[in-house]
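Observations on chain architecture
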Amino acid sequence: MLQLLLGGSGSGKTTLLYQRIRARAEKGEKSILLVPEQFTSSTEGRIYRELGDALSGMVESFSFTSLAEKILSTEGGAAVQTLSDAGRAVLVRRALEELQDNVHYYHRHRRSAAFCQMAAQTIDELKSAGLSGQQLAQLAGACGAESGKLSELALIFQGYETLLARSGMDPSDRLELAGARLEFLRDRAVFIDEFDTFNAPKKRLLGAMLAALPSVTVALCDDGAPLLPGDLSLFSGAKQVAAQLRQLARKNGAEVAVPQLLRKDLRHRNAPGLAAVAELLETGSCTADAPAGEVRLFAAPSREEEARAAAGAVRRLMRQGVRCGKIAVVCRDIAKYRAAVRYEFRMAEIPLYCDEPTTPEFSAPATAVRALLEIARGADLTENLTTLAK
């Protein structure tokens, strides 16, 4: 059975999951808690704090990858060779060599280590989206001017799949293999938290769990309103994930329970002003019984004045002993505020970490690796040694 636990940020979804896990542990029933890779360590610490010595042994926390490895090591299959990133790049090169004259656009790149690595990354992304080489070939025909390049990429993909079937598997294939061997989970309930999306390999493992296990509970940050066509609101992504999970459950013959919706803002129960702000952002209106000292409004004539006011507020918090790592500054558009914020924070001697989307293509490690690869290929030594030194 699929059980969806819906609610906004701070509504108590995770707390309720731990309560259910604790209730099962007290009855001697085991549970599995799935979280993203980056949360596994903190989750294990919270399990111990919430359940204590006596009960924490009744629940195990995993990411999807580590759960697959646990299943395969228990049920068999862990010894199947899994390709590394370098191994996948080598397999792409072998596929190009075997295709020979069937590839025209990419023929001259077949000996380029950088191209093979990029092609391997592209294939990995395509597999994460649930596409096979044959499906890509079918889609390529309808892509107009780019159909030739995409068709050749599909050929490379299909050649890669053929060679992979003889030599091992991709890391993502281990999730699918684990989905066929779920005896390890038969007596356990699965709880899933902190995810906002699932790629194709994770969906396949989820589908297998929904078909084989009595209960799979998924917590999503969703306000519970119905998903409308063309919806691009704050919770639209979570609504789409919830709809996909319902469809996945029905496809695998599992029942779908009525979603449980949590509406209370428990995170701000001791800060009514912040609770009112959260309500305002969510519904467009709010009720405030009294002035709230935790919320301060400042009407600034310019972005520079806004940044100066924010720097002053941060300095006051620092004098009170608040660590800079616990302070966040949020801008509507970082491109318009970046210069002002950096200047004012530098003048106020406030350390600033700016979180912005970047690509790793031109980072120092990537540039160094490219230079080493060019040297290995016999390219101009002076130029690449200079790049490597920089």
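A brief look at the structure comes next. (Residues numbered from 1 in each chain as written. Predicted model: local features only at pLDDT ≥ 70, side-chain atom pairs only at ≥ 80, totals over all residues. Heavy atoms only, no water.)

Structural notes on helix α13 (residues 334–347)
What sets the pattern is the α-helix's 3.6 residues per turn: residues three or four places apart point alike. For the record, the criterion: The way it works is that DSSP assigns letters per residue, a run of H or I at least four long becomes a helix, a run of E at least two long becomes a strand, and they are numbered from the N terminus. A helix is expected to span 1.5 Å for every residue after the first. With a 1.4 Å probe rolled over the protein chains alone, any residue whose accessible area is under 20% of its type maximum counts as buried; one over 50% counts as exposed, and the rest are partly exposed. Two residues form a contact once any of their heavy atoms are found within 4.5 Å. In the analysis that follows, any N or O atom pair within 3.5 Å is treated as a polar contact, provided that within protein one partner can donate a hydrogen and the other can accept it, and provided that, for residues neighboring in sequence, both atoms belong to side chains.
Its 14 residues place the ends of α13 19 Å apart at the C-alpha level, agreeing with the 20 Å of an ideal helix rising 1.5 Å per residue. Those residues of α13 lying buried are Tyr 337, Ala 340, Val 341, Glu 344 and Phe 345. Packing partners of the buried residues in α13 comprise α12 (303–319). The N-capping residue of α13, defined by a side-chain oxygen 3.1 Å from the backbone nitrogen of Ala 335, is Asp 333. Note on α13: the residue one or two positions beyond its end, Glu 349, has a positive phi of about 55 degrees.

Some details on the side chain of Ser 236
Within the secondary structure, Ser 236 sits in helix α10 (residues 236–251). Not counting chain neighbours up to four residues away, the residues in contact with Ser 236 comprise Leu 227 and Asp 231.

Here's the deal with the sheet that holds strand β6 (residues 260–262)
The following threshold applies: Here, strands pair whenever DSSP counts at least two bridges between them. For helices, the fitted line uses only the C-alpha atoms of the stretch in contact; every axis is such a line through C-alpha atoms, and the angle between N-to-C directions lies from 0 to 180 degrees.
Strands sit in the order β3-β2-β4-β5-β1-β6 across an open sheet of six strands; the sheet is parallel. Across the chains shown, the open sheet's two edge strands, defined by having one partner strand only, are β3 (59–62) and β6. Between one strand axis and the next, the sheet turns by 20 degrees as a mean value, whatever way the strands run. Sheet topology note: the strand β4 (residues 188–192)/strand β5 (residues 216–221) ladder contains three bridges and is parallel. Across the sheet, residue Phe 191 finds its bridge partner in β5, namely Thr 217.

Focus: helix α4 (residues 85–99)
Going by this rule: In this description, the arc belongs to the directions extending from the helix axis to the C-beta atoms.
Look at α4: 21 Å from first C-alpha to last across 15 residues, which is about the 21 Å you get at 1.5 Å a residue. Among the residues of α4, those classed as buried are Arg 88, Ala 89, Leu 91, Val 92, Ala 95, Leu 96 and Leu 99. Projected onto a plane normal to the axis of α4, the buried residues spread over an arc of 160 degrees and lie on a single side. Residues of α4 that are exposed and angled more than 90 degrees away from the buried face: Ala 86, Val 90 and Glu 98. At the C-terminal side of α4, Gln 100 shows a positive phi close to 50 degrees.

Some words on the packing of helix α6 (residues 133–140) against helix α7 (residues 147–167)
Rules: For classification, angles of less than 35 degrees are called roughly parallel, those exceeding 145 degrees roughly antiparallel, those between 65 and 115 degrees roughly perpendicular, and all remaining angles oblique.
It is the contact of α6 with α7, at a shortest axis distance of 8 Å, that shows an interaxial angle of 170 degrees. If you check the angle between α6 and α7, you find them roughly antiparallel. Within the contact between the two elements, α6 uses Gly 133, Gln 134, Leu 136, Ala 137 and Ala 140 and α7 uses Ser 147, Leu 150, Ser 151, Leu 153, Ala 154, Phe 157, Gln 158 and Glu 161.

Quick notes on a nonpolar patch on the surface
In plain terms, the rule: Distance thresholds for patches are 9 Å for like charges and 5 Å for nonpolar side chains (Val, Leu, Ile, Met, Phe, Trp, Tyr), applied to residues having over 30% relative accessible area and no salt bridge. In these tables, accessible area is a Shrake-Rupley quantity obtained with a 1.4 Å probe, and a residue counts as shielded only by the protein chains included in the view. By salt bridge we mean one thing: a side-chain nitrogen of Lys or Arg within 4 Å of a carboxyl oxygen of Asp or Glu.
Together, Leu 372, Leu 381, Leu 385 and Leu 388 make up an exposed nonpolar region whose accessible area comes to about 340 Å². The biggest single contributor to the nonpolar patch is helix α15 (residues 381–389), with three residues. Locating Leu 385 in the fold gives a position in helix α15. Judged by its relative accessible area of 41%, Leu 385 falls in the partly exposed class.

Section: the environment of Ala 154
Tracing the chain through its elements places Ala 154 in helix α7. A relative accessible area of 0% places Ala 154 in the buried class. Sequence separation of Ala 154 and Gln 138 is 16 residues, and the distance between their C-alpha atoms is 8.8 Å. Setting aside anything within four residues of it in sequence, one finds Ala 154 in contact with Gly 133, Leu 136 and Ala 137.

Let's talk about the packing of helix α5 (residues 113–128) against α7
In contact at an axis separation of 11 Å, α5 and α7 are set at 85 degrees when each is read in the N-to-C sense. It follows from the interaxial angle that α5 and α7 lie roughly perpendicular. Along the contact surface, α5 presents Thr 122, Ile 123, Leu 126 and Lys 127, while α7 presents Leu 153, Phe 157, Tyr 160 and Leu 164.

Thoughts on the packing of aromatic side chains
Note the threshold: Any Phe, Tyr or Trp ring, taking Trp's six-membered ring, that has another such ring centre within 6.5 Å forms a pair; planes under 30 degrees apart are called stacked, those over 60 apart edge-to-face, and the others tilted. Only when the NZ atom of a Lys or the CZ atom of an Arg is both within 6 Å of the ring centre and within 35 degrees of the ring normal do we say a charge sits over the ring.
One pass over the full model with this rule turns up four aromatic pairs. Both rings, one in Phe 64 and one in Phe 195, keep their centres 5.3 Å apart while their planes meet at 75 degrees; by these two values the pair is edge-to-face. Of this pair, Phe 64 sits in helix α3 (residues 64–75) while Phe 195 sits in the loop between β4 and α9 (200–212), and the two are 131 residues apart along the sequence. There is no split in this pair, since Phe 64 and Phe 195 are both buried. Between Phe 64 and Phe 198 the ring centres are 6.0 Å apart and the planes differ by 75 degrees, which places this aromatic pair in the edge-to-face class. Taken together, the residues Phe 64 in helix α3 and Phe 198 in the loop between β4 and α9 connect sequence positions 134 residues apart. Each of the two residues, Phe 64 as well as Phe 198, counts as buried. Of note, Arg 188 hangs over the ring of Phe 184, and the distance from its end group to the ring centre comes to 4.6 Å. It is Arg 303 that lies over the ring of Tyr 337; its NZ or CZ is 5.6 Å from the centre.

Thoughts on the pairing of β4
For clarity, the threshold we go by: Throughout, right-handed denotes a crossover for which the path from the first strand over the helix to the second runs clockwise when the strands point away from the viewer.
For β4, a buried count of five out of five residues is recorded, marking the element as mostly surrounded by other parts of the structure. What you see with β4 is no split at all: Arg 188, Val 190 and Ile 192 on one side and Ala 189 and Phe 191 on the other are buried throughout. Judged from the five bridges that link them, strand β2 (residues 30–34) and β4 form a sheet pairing that is parallel. In the sheet register, Lys 30 faces β4, and the bridge partner there is Arg 188. This β-α-β element, β4 to α9 to β5, shows right-handed connectivity.

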